[in-house]
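These are the residues of each chain, in order.
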Amino acid sequence: MRNFILLLSFTTVSFLFAIFTGGEILYYIFFALSSILLLSILYSIIGRESIKLKIDIKDTEIHVGEKIGYKIKIKNKWFLPLIFIAIDDKNESFFPITTNLNPFQKKVIKRSIECKRRGIYKIGPVKIKLRDPFGIFEVKKTFNKKHKIIVYPNVYDISIELPAIAEIGRAEGINKQYEDYTNLSNLREYIDGDSLKRVHWRISAKLQKLYVKEYEHTASNEVFIIWDLYRQHYKEDYNGMIDEKTAECVLSIAKYCLANGVPVSLVDYESNKHLARCKSIKDFSIFKLLTLKLFPTYDSDFDEKLLNNIRRVSRESTLAIITPYVDENTVFTLSNINLHQNVIIFYTNKAPLEEETKRKLDNLGIKFISWGDKYEDIHKKVQYI
């Protein structure tokens, strides 16, 4: 733009000198400068309209630790070369790209970004700058289409000892004593291991596929997840890895419960109300979406929240406390409650917990699981749902 202003100034000055002096050479200079200026403007404007740009994204849903891969495809639809093009896709990991395009040429620019945090990422809009061959005039164009990529926490195959889960051979299944055979809750396709007594023969004959009956549960075998989102418990989590481990722990527990037919609820940190109450694996997506919205941003003390939530939970339920911080105050809070629930603490911090604190929790009948140790033992991620 600076060159354009200078050229425009020289053109204006030459025109004024030609008017007042009547010099023939000054008129020649004026017409030459005017022609260059006009050609630069026309070249840039037409070139801008001749550029076609498209973004191709391989996956729109990935998981923490994976990479977003996408391509920026740009094409010159004009019969003249585009000498200077700057492409800025607003990606903080890369500088804007400068390139050129021959007549009718296509180019593909590949990008790859590793996602270390969960959330919703956006690719676009893409802005381009185009200059004429003399570097006098510059035009801009924005391709406003935005692409959304969802990055979920990782989910792992885990196993938790719950009152509502009983060992059946090598497989785990819902304890049948919790089922009310007078209330049919659902029909699903037959899978290997299902009892033929559960087959709904009339529906199976009609649909030409075996379907089995599922019944409502009479016992309150629900799992309540309390997710520690107290800001102070993450003050040393500079790279966000503890937060991510906590989120993947929440999601892995929810997946395990729902896959085994155990109802699971997530308690809202701020209001103590239920953010979600799910009963089957088809509801797992609700938990996945919630992990994208919840982050440790609250200032309310976690021990107070814990005290309020435990009192609300029924005796037959399991309380899963997901936290990166357990100290004497936590133990004191739990020791002042007459615990009737099955309470499990999932500790997600890398720093090991003191043995004395573990011993006190064990004396209270509270099971302590270090998620870091459990995570290291897990070698297989689940098939994402």
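Rules used throughout
Residues numbered from 1 in each chain as written. Predicted model: local features only at pLDDT ≥ 70, side-chain atom pairs only at ≥ 80, totals over all residues. Heavy atoms only, no water. Helix = DSSP H or I, 4+ residues; strand = E, 2+ residues; numbered from the N terminus. Buried < 20%, exposed > 50% of the residue type's maximum accessible area, 1.4 Å probe, protein only. Contact = heavy atoms within 4.5 Å. Areas by Shrake-Rupley, 256 points an atom, 1.4 Å probe, with all protein chains shown as cover. UniProt positions renumbered as here; feature names shortened; annotations may be inferred. Phe/Tyr/Trp six-rings, centres within 6.5 Å; stacked < 30°, edge-to-face > 60°. Lys NZ or Arg CZ within 6 Å of the ring centre and 35° of its normal. pLDDT = per-residue confidence, 0-100. Pairing = 2+ DSSP bridges. Axes fitted to C-alpha atoms, helices over the stretch in contact; angles between N-to-C directions.

- The name an unreviewed UniProt entry gives the protein is DUF58 domain-containing protein, with Thermoanaerobacterium thermosaccharolyticum M0795 as the organism.

## Points about the overall build of the protein
Piece 1. Tallying secondary structure elements over the protein gives nine helices and 20 strands in all.
Piece 2. Every one of the 385 residues in the protein was classed for burial, and the buried ones make up 45%.
Piece 3. Residue pairs in contact within the protein that sit at least 24 positions apart in sequence constitute 68% of those at least 6 positions apart.
Piece 4. By element, 54% of the accessible surface of the protein is carried by carbon and sulfur atoms, the whole surface being about 22,000 Å².

## Points about the UniProt feature "transmembrane region" (unreviewed entry) in the protein
Piece 1. In the numbering used here, UniProt assigns the feature "transmembrane region" (unreviewed entry) to residues 28-46.
Piece 2. In this annotation, residues 28-46 is assigned 100% helix and 0% strand; the end-to-end C-alpha distance for the span is 27 Å.

## Observations concerning the side chain of Thr-357
Piece 1. Position of Thr-357 relative to the elements: it lies in helix H8 (residues 355-363).
Piece 2. Excluding anything up to four places from it in sequence, Thr-357 contacts Val-326, Glu-328 and Val-331.

## Focus on the packing of aromatic side chains
Piece 1. Following the criterion strictly, the structure yields five aromatic pairs and no others.
Piece 2. Measuring from ring centre to ring centre gives 5.3 Å for Tyr-269 and Tyr-298, while their planes differ by 35°; the resulting arrangement is tilted. You can see Tyr-269 sitting in the loop between strand E16 (264-267) and strand E17 (274-278) and its partner Tyr-298 sitting in the loop between helix H5 (284-291) and helix H6 (302-312), a full 29 residues away along the chain. Here Tyr-269 matches Tyr-298 in class, with each residue buried.
Piece 3. Members of the aromatic cluster, each reached through a chain of ring pairs, are Tyr-43, Trp-78 and Phe-79.
Piece 4. Lys-288 extends its terminal NZ or CZ atom over the ring of Tyr-152, reaching a point 4.3 Å from the ring centre.

## Comments concerning the confidence of the model for the protein
Piece 1. Residue-level pLDDT values for the protein average 82, and 83% of them are 70 or greater.
Piece 2. Scored below 50 in pLDDT, residues 165-183 shows 45 contacts in the model against residues more than four places distant or in partner chains.

## What about the sheet that holds strand E3 (residues 67-76)?
Piece 1. Across the sheet, three strands lie side by side as E1-E3-E6; this open sheet has antiparallel pairing. The strands lining the two open edges of the sheet, one partner per strand, are strand E1 (51-57) and strand E6 (106-114). Pairwise comparison of adjacent strand axes, ignoring direction, gives a mean angle of 20° for this sheet.
Piece 2. Inspection of the sheet shows E3 paired to E6 by nine bridges, in the antiparallel sense. Bridging from a neighbouring strand, Tyr-70 pairs with Arg-111 of E6.
Piece 3. Taken strand by strand, helix H2 (residues 24-50) contacts E1 and E3, and its axis lies near 35° from that of E1.

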